[in-house]
Amino acid sequence: MPRRTVYEAKVEFVQILDEDGGFDEKLGKDLISDEQVVALYEHMVTCRELDEIAFKLQRSGRMGTFPQNKGQEAAAIGTAHALIKGTDWLVPCYRENAALFMHGLPMHYILLHWMGDERGNEIPPGVNITPLCIPIGTHMLHAAGIAYASKLRNEGRVVATFFGDGATSEGDFHEAMNFASVFQAPIVFLCQNNQWAISVPRESQTASETFAQKAIAYGMPGTQVDGNDLFGVYKVVKEAVDRARDGGGPSLIEAVTYRLGDHTTADDARRYRDQAELDAWLAKDPLIRLRKYLETNDLWDDQMQTELDEKAKVIVREVVKTAEGIESPATEDLFNYTFANLPDGIITQRDTLRTASIGQNPAQIGLRTQRQNA
Amino acid sequence: MTTTTLDIPAPDFTAPLPPRDGDRVIQFRQALREAMSEEMRRDHRVFLLGEEVAHYHGAYKISEGMLEEFGDKRIIDTPISESGFAGLGIGAAMYGLRPIVEFMSWSFSLVAADQILNNAPKMLYMSGGQWGCPIVFRGNDGAGGQLGPTHSWCVEGLFANVPGLKMVIPSNPYDAKGLLKAAIRDPDPVFFLENERLLADRAHVPEQEYYIPFGTAARLREGDACTLVSFGRPVHFCLEACDELAADGIDCDLLDMRTIRPLDIDSIIQSLAKTNRIVVVDQSWPFSSIASEVVTQVCEKGFDHLDHPPVRVNTEDVPTPYAANLEAAYLPNPGRIVSAVKETLR
Ligand SMILES: Cc1ncc(C[n+]2csc(CCOP(=O)(O)OP(=O)(O)O)c2C)c(N)n1
Ligand SMILES: [Mg+2]
């Protein structure tokens, strides 16, 4: 036969809880216990409150720049729930706070970070999370490296790395996928396709119909899931995590979701996207959907919601207080951690700030505020 | 064989430059836009490529209105692939077009390092003159106000090491326009480093076309006490320091280098012959920095003029910190420049 098909592939889309609260019993029955769904919903509401407050803090000048997570909570929470806290690793970018909190990052760390304090990235010992990553895409290779190293050490851990639709255009994404697959590393690549990369819409980012299908080229399973559906996300991630833990290698999951906020507080999305599009996605908000589910199943009522809203406010108020109560870092922090063991030269620089540095004359002691243009 | 890319007529650099003073006051970012737009109107081969440059008008609004004027074939939004669009631009330049590639930040050009350092500056050399690479890479460079260690790069020290590229670092709107126009007309790869903190600065920019030749420093203050050498944003710290020193009767000769490659070492040595003292202010790390290079050349070519060892003012030798107080302690500032100049006079 001169021509024959040498490869055929299909990509599945999974949805269990739809935007009207409809639930697929076949896929979703006994997937997450009632008690857990309630707890996850409570967490979701608390994270949304933190997100809204962080936005307000920025607007009132108490926070630098903040990338809102609003609308993407189900993708983060569903993923985090499928991983074992303290065993598995999360390798994040910056739009999955809810997952980080579930795996032990204190909430105030995220505020501290975006308030402009590196110490927000000092992950407490025992918490298996790497620092937020600003250069787009570079962390996916680290995730593949962590997964591979963990496999070499026979630890039975799984790594999940988060990234956006835009990040799939970076070479690092493709290299990480290829390595992970060739090395059969225990990793889940979690693409949060929130339809936008700053002002660039999904269709200008890729000519592929889905992001999930990019997995095929690297020889790993790729699945598309409704990213605003907690159950769906949990199900597909859990399958991928189990496969990885059993030695079955990596997977790519595309969580189809939407960035309900601006790219960051430095952006104004009204300049480039339609209100109608936003409205359509507001109706698909994971919070609304999950609450409908809880109410349908007699797990929730208005009274409980009122109490939860109040509780979330109290928690977030405390978190803000903690973050704002942290003093600016001491000047010697400028030098600490430059090397594992500080060389004598740096120690002298630190101890005699600007009296013995290279490129700096002993008399250069004047520290003045910067001229600001902006 | 010569390719068409090498046949581009050089601008007339002998034409006198228009006066710096006037009342056509515009922002630095507008001056950059004006330079690009004028060259695009003149030469249909020129186009702009980068993240968010078209519909969003650039992350820093430098290309505002350009999509509307030139259309989406010449003002091109790219996927987030720095290596991709830098390499694509290099290919287009080799093929006779004149791309301007915008990096949202030079910090993000690092993921395109092989394209911009290992390909563009060597293409002509490796092909024995057959493949030119007339491309401009431009974007924000330097600490922009709490952007953290990975996002605050000053790439000049690192990149200027590479032969075959030219490097421009303007400090004001007038120079920005004249230098960017010269960069776009240049037959070689030009690395054009802007600074976010300067983009809103306003100054007179002539409406007419003018081209500032590379390798010519501008003397911004005249004096015989000490030579101050700088480029880009710290030039403004030097100006403040000069004012403060002048109040004490210390008049400095301030040279704004404008281009790093080529470097106008002759002007520096001439000034040194008069002042016998030199302070070099550079907002990047001290080790192997532009300041190191200037000081080395000063020692090689002007040693006999020196009455005091050359002094450098750089950042601290650590990654750029994120916290506001640490970032301020890390960067050069007028106070440190004043101290450095006084030190040379002791
Ligand atoms: C290497 C690199 N290039 C460019 C940027 C600037 N940048 C920051 S976020 C962003 C968009 C990312 O979009 P996406 O991956 O979809 O994630 P989202 O922000 O939508 O969650 C860009 C271009 C960067 N941080 N790093
Ligand atoms: Mg996105």
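Above this text is the structure in question.
The sections below set out a description of the structure shown in this document.

Conventions we followed
Residues numbered from 1 in each chain as written. Chains lettered and ligands numbered in written order. Predicted model: local features only at pLDDT ≥ 70, side-chain atom pairs only at ≥ 80, totals over all residues. Helix = DSSP H or I, 4+ residues; strand = E, 2+ residues; numbered from the N terminus. Buried ≥ 20, exposed ≤ 12 C-beta atoms within 10 Å, placed from the backbone. Contact = placed C-beta atoms within 7 Å. Near = placed C-beta within 6 Å. Nonpolar A, V, L, I, M, F, W, Y, C, P; charged D, E, K, R; others polar. Pairing = 2+ DSSP bridges. Axes fitted to C-alpha atoms, helices over the stretch in contact; angles between N-to-C directions. Core = buried A, V, L, I, M, F, W, Y, C linked by C-beta atoms within 7 Å. Domains from an automatic or database assignment. Expected span 1.5 Å × (residues − 1). Arc of directions from axis to C-beta.

### Quick word on the overall build of chain B
(1) Moving on: Looking only at helices and strands, chain B features 12 helices and 14 strands.
(2) Moving on: In terms of principal-axis extent, the alpha carbons of chain B reach across some 60 × 45 × 45 Å.
(3) Moving on: Counting the 346 residues in chain B, one finds 59% classified as buried.
(4) Moving on: Partitioning the intrachain contacts of chain B with sequence separation of at least 6 by distance along the chain shows that 81% fall at a separation of at least 24.

### Side note on the site of ligand 1
(1) Moving on: In the vicinity of ligand 1, 21 residues are found, and the nearest of them are Ile136, Gly164, Gly166 and Ala197 of chain A together with Phe108 of chain B.
(2) Moving on: More than one chain approaches ligand 1, the contributing ones being chains A and B.
(3) Moving on: Taken together, the elements giving at least two residues each to the shell around ligand 1 come down to β3 (159-164) and β5 (196-197) of chain A.
(4) Moving on: Counted by class, the shell around ligand 1 contains 12 nonpolar, 4 polar and 5 charged residues.

### Observations concerning unusual backbone geometry
(1) Moving on: Cis geometry marks the peptide bond from arginine 261 of chain B to proline 262 of chain B; its omega dihedral reads 0 degrees.
(2) Moving on: Structurally, proline 262 of chain B can be placed in the loop between β12 (259-261) and α9 (265-275).
(3) Moving on: Positive phi values are uncommon outside glycine, yet glutamine 195 of chain A reaches one of about 75 degrees.
(4) Moving on: Among the secondary structure elements, glutamine 195 of chain A is positioned in the loop between β4 (187-193) and β5.
(5) Moving on: The residue histidine 57 of chain B is not glycine, and still its phi comes out positive at about 65 degrees.

### Concerning the sheet that holds β3 of chain A
All names here are of chain A.
(1) Moving on: In space, the 6 strands of this open sheet follow the order β1-β7-β8-β4-β3-β2, with parallel pairing throughout. Of all the strands in the sheet, the pair left with one neighbour each is β1 (12-14) and β2 (89-91). Going from strand to strand, the sheet's axes swing by 25 degrees on average, the running direction of each strand aside.
(2) Moving on: In this sheet, β4 lies alongside β3 in parallel orientation, the contact comprising 6 bridges. Note on β4: the bridge partner recorded for threonine 161 is phenylalanine 189.

### Some points on the nonpolar core
(1) Moving on: Counting residues in hydrophobic clusters, the biggest one holds 105 residues, and the most contacted among them are Leu228, Cys238, Val279, Ile337 and Val341 of chain B.
(2) Moving on: Shared between two domains, this core takes at least three residues from each, and those domains are domain 1 (22-204) and domain 2 (218-345) of chain B.
(3) Moving on: Of all hydrophobic cores here, the second largest spans 93 residues; its members include Leu17, Leu57, Ala185 and Leu190 of chain A.

### Quick notes on helix α6 (residues 138-152) of chain A
Residues and elements named next belong to chain A.
(1) Moving on: Taking 1.5 Å per residue, 15 residues should reach 21 Å; α6 reaches 22 Å between its end C-alpha atoms and fits that length.
(2) Moving on: When we look at burial in α6, the residues that qualify are His139, Met140, Ala143, Ala144, Ile146, Ala147, Ser150 and Lys151. All buried residues of α6 project into a common sector of 160 degrees when viewed along the axis, lining one side.
(3) Moving on: Positive phi shows up at asparagine 154, right after α6, with a value of about 55 degrees.

Purely spatial values, then, with no claim about function.
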